Amino acid sequence: MNKKAIITVLLAIVWMAGQAQTTVKGRVVNERGDGVEYVSIGIEEDSVGVISDAQGHFTLTIPAGRKEILTFTHVSYQTATIPYTTYADGYELTVTLKDKVIELAEVVVGKKNKPHMLSGKSWIRMGTAGSEGDCKGEIEWGPIFKNRKDYLLTDIMVAIDKCEYEECLLSFNCYEVRDKKFVNVLNKPIYLRVTPADNGKQLSVTPVESVVLKGKKKYCVTISVVDIKGKGRLSFPANFKSSYARHKVKGKMKKIPGCPMIIVKGHEVEL
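In this report, we go over the structure that sits alongside the text.

Cut-offs applied
Residues numbered from 1 in each chain as written. Predicted model: local features only at pLDDT ≥ 70, side-chain atom pairs only at ≥ 80, totals over all residues. Heavy atoms only, no water. Helix = DSSP H or I, 4+ residues; strand = E, 2+ residues; numbered from the N terminus. Buried < 20%, exposed > 50% of the residue type's maximum accessible area, 1.4 Å probe, protein only. Contact = heavy atoms within 4.5 Å. Areas by Shrake-Rupley, 256 points an atom, 1.4 Å probe, with all protein chains shown as cover. Pairing = 2+ DSSP bridges. Axes fitted to C-alpha atoms, helices over the stretch in contact; angles between N-to-C directions. Core = buried A, V, L, I, M, F, W, Y, C linked by side-chain atoms within 4.5 Å. Salt bridge = Lys/Arg side-chain N within 4 Å of Asp/Glu carboxyl O.

1. Thoughts on the overall build of the chain
In terms of regular secondary structure, the chain is built from two helices and 21 strands. For the chain, the residues scored as buried account for 44% of the 271 residues in total. Intrachain contacts of the chain at a sequence separation of at least 6 include 74% that bridge at least 24 residues. Here the chain displays about 14900 Å² of accessible surface, and carbon together with sulfur accounts for 50% of that area.

Next comes the structure, spelled out in structure tokens:
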């Protein structure tokens, strides 16, 4: 085959590849028209997925042969789905998420008002763990724990080893683990901004809602990087502890023997 023929074949392959895949762009908004930040978008049980930016904008490239429903999930809203026929032509989409109906129960904190450590009581260090480059991803991970009594979740603490980015935004979540399924127990997202000034520090966040962790049930508190400024790496002190790594879009999880040093605290709840 001569050089001209080879070039013609390569151009045809490139053209067909471009024709085969679908690029979907759009914005995720709530019922008031405001952009929804850091929405997990993708095809369930597949490798296709992306996270929206702080204003709800997203760009998702779907390989050839994928015609499944696109799923949009966020802790504060009902899950939305978009069929293939809607996004097949690659038009820019506006996806509206409906608010969750949240019923807040009255919580009575026990007389022993000192916070209890629910997870993170013992550590066996195993170096560091983290992300680098354009790490705005779909992976979250954290420790598994179970307690005998009911506790009101009050604090989640994480140790920062080193942040090389100009700034990065962490997202925390809390799941009840039921038969290897993750059931979100939050209704409001929990975020934490980290900069190089936080290197070597232990940082703390507090939920903006009342979250009760039931006794004798299994929970997993996770952490993920949802936004970054600049280039670099973020690392955490890591320890040997039973934990889960979970793909936000696909929903798949994997049990692993280590995780970032995350401490969970709470107050005992009176029955």
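On we go.
2. So, the sheet that holds strand β4 (residues 57-62)
Ordered by their spatial adjacency, three strands build an open sheet running β4-β1-β7, and the pairing between neighbours is mixed. Edge strands, defined here as strands with exactly one partner in the open sheet, are β4 and β7 (93-97). The average angle at which neighbouring strand axes cross in this sheet is 35 degrees, direction not considered. Pairing of strand β1 (residues 22-30) with β7, which is carried by five bridges, proceeds in the parallel orientation. Paired with valine 29 across the bridge in β7 is threonine 96.

3. With respect to the pairing of β4
Each regular strand carries side chains that alternate between the two faces of the sheet. What you see with β4 is a clean split: Phe58, Leu60 and Ile62 sit on the buried side and His57, Thr59 and Thr61 on the side with no burial. Where β1 meets β4, six bridges bridge the pair, whose relative direction is antiparallel. Bridge pairing in β4 links glycine 26 to phenylalanine 58.

4. Observations concerning the nonpolar core
For soluble globular proteins, the rule of thumb is that nonpolar side chains tend to be buried together. In this structure, Leu170, Phe172, Val194 and Leu234 are the most contacted members of the largest nonpolar core, which totals 34 residues. When contributions to this core are tallied by element, the ones reaching two or more residues are β10 (139-146), β11 (151-159), β13 (167-178), β15 (190-194), β16 (202-205), β18 (218-229), β19 (233-247) and β21 (262-268). Setting aside residues up to four positions removed in sequence, leucine 234 forms contacts with Ala129, Gly130, Ser131, Ile160, Lys162, Cys163, Tyr165, Cys168, Leu170, Val194 and Val225. In this structure, Val28, Val36, Ile41 and Tyr77 belong to the second largest nonpolar core, which totals 20 residues.

5. Notes on the side chain of histidine 74
Of note, histidine 74 is situated in strand β5 (residues 70-74). For histidine 74, a relative accessible area of 9% puts it in the buried group.

6. Points about the pattern of salt bridges
On inspection of all chains with the given rule, the structure shows seven salt bridges. Across the pair arginine 32 and aspartate 99 runs a salt bridge whose closest N-O atoms are separated by 2.8 Å. A residue pair is termed long-range when its members are at least 10 positions apart, and arginine 32 in the loop between β1 and β2 (40-42) and aspartate 99 in the loop between β7 and β8 (116-119) qualify at 67 residues. Residue classification places arginine 32 among the exposed residues on the basis of a relative accessible area of 52%. The residue glutamate 176 makes a salt bridge to lysine 217 at a minimum N-O spacing of 3.9 Å. Here lysine 217 lies in the loop between β17 (212-213) and β18 and glutamate 176 lies in strand β13, a separation of 41 residues in the sequence. The network of salt bridges with common partners includes Glu167, Arg193 and Lys229.

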